[in-house]
Amino acid sequence: MKKKIIISIIIFLLIFILFFYLKSQKKNIKTKTIEPEISSDIVYGSNIIEDVYYSSNDIKGNKYVIKASIGEIDYNNSNIIFLTNVSGFVKLKNSNDIKITSKYGKYNTENFDTIFSENVIIDYLDNNILGKYLDFSIKRGSMIMSNEIVYTNSNNILKADVIEMNIDTKDTKIYMFEDNKKINIKSKK
């Protein structure tokens, strides 16, 4: 009988030790799964947008589309997006389309005004205009291009400082910043 009691106590102690051992292992396993892993690859948030596309229509039925490979939202004004590799399309209801490209841009999502800068190119019919800066405003209904303007069509090459165009009427003003400088026009023929 004494042997049975000793064996029972040993078995009880073994079960007791095994129970606490397994319980302590279970706590360690839970602790390991609960602890978050810290990684240097975590991105905490970004104001960068890839493949930007905006489209808007005015009350006259004209459509304006802006695309860019990258857009960066301004932290100070969420309506402003800085663009890279920009393409703009003005699809006029009663006229031909205007295509605009540039390296950079600044787009206002509230009023759709866009500033194009660096390597700005406007293609309209057989007209091609190169420059450094273009202020396009749907609200104003105008495009103002400035800085080292080179305007070419099938007949002429024109160099000026500023070209302003009314989008609706196509009325265009071409001028120089300084009164004593003149617009340079050369015939291709």
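Shown above is the structure to which this text applies.
A brief report on the enclosed structure follows. (Residues numbered from 1 in each chain as written. Predicted model: local features only at pLDDT ≥ 70, side-chain atom pairs only at ≥ 80, totals over all residues. Heavy atoms only, no water.)

The next point concerns the environment of Tyr107. Along the chain, the position of Tyr107 falls in strand β4 (residues 98-108). Here Tyr107 falls in the buried class, since its relative accessible area comes to 1%. In sequence terms Tyr107 and Phe82 are 25 residues apart; their C-alpha atoms lie 6.4 Å from each other. Apart from residues no more than four positions distant in its own chain, Tyr107 is found in contact with Tyr54, Tyr64, Ile66, Asn79, Ile80, Ile81, Leu83, Phe112, Asp113 and Thr114. (Helix = DSSP H or I, 4+ residues; strand = E, 2+ residues; numbered from the N terminus. Buried < 20%, exposed > 50% of the residue type's maximum accessible area, 1.4 Å probe, protein only. Contact = heavy atoms within 4.5 Å.)

In total, this model carries two aromatic pairs according to the counting rule given. Between the aromatic rings of Tyr64 and Phe136, the centroid separation amounts to 4.7 Å while the plane-to-plane angle is 20°, which identifies the pairing as stacked. Of this pair, Tyr64 sits in strand β2 (residues 63-73) while Phe136 sits in strand β6 (residues 127-137), placing them 72 residues apart in sequence. One exposure class covers both Tyr64 and Phe136, and it is buried. (Phe/Tyr/Trp six-rings, centres within 6.5 Å; stacked < 30°, edge-to-face > 60°.)

Moving on, we get to the pattern of salt bridges. All chains considered together, the criterion is met by three salt bridges. Measuring nitrogen to oxygen at the nearest pair gives 3.8 Å for the salt bridge that ties Lys103 to Glu118. Remark: Glu118 occurs in strand β5 (residues 114-124) and Lys103 occurs in strand β4; sequence separation between them is 15 residues. A relative accessible area of 35% means that Glu118 is categorised as partly exposed. Put simply, Asp135 and Arg140 hold a salt bridge, and the shortest N to O gap is 3.5 Å. Take Arg140: its relative accessible area is 44%, and that puts it in the partly exposed class. (Salt bridge = Lys/Arg side-chain N within 4 Å of Asp/Glu carboxyl O.)

With respect to the element layout, Met143 can be found in strand β7 (residues 142-152). In this structure Met143 comes out as buried when scored by relative accessible area, which is 4%. Taking the C-alpha atoms as reference points, Met143 and Ile115, separated by 28 residues in sequence, lie 9.6 Å from one another. When residues no more than four places from it in sequence are discounted, the contact partners of Met143 are Ile98, Ile100, Ile122, Leu134, Asp135, Phe136, Ile163, Glu164, Met165 and Ile167.

Take it as geometry only, folks, not as evidence of what the structure does.
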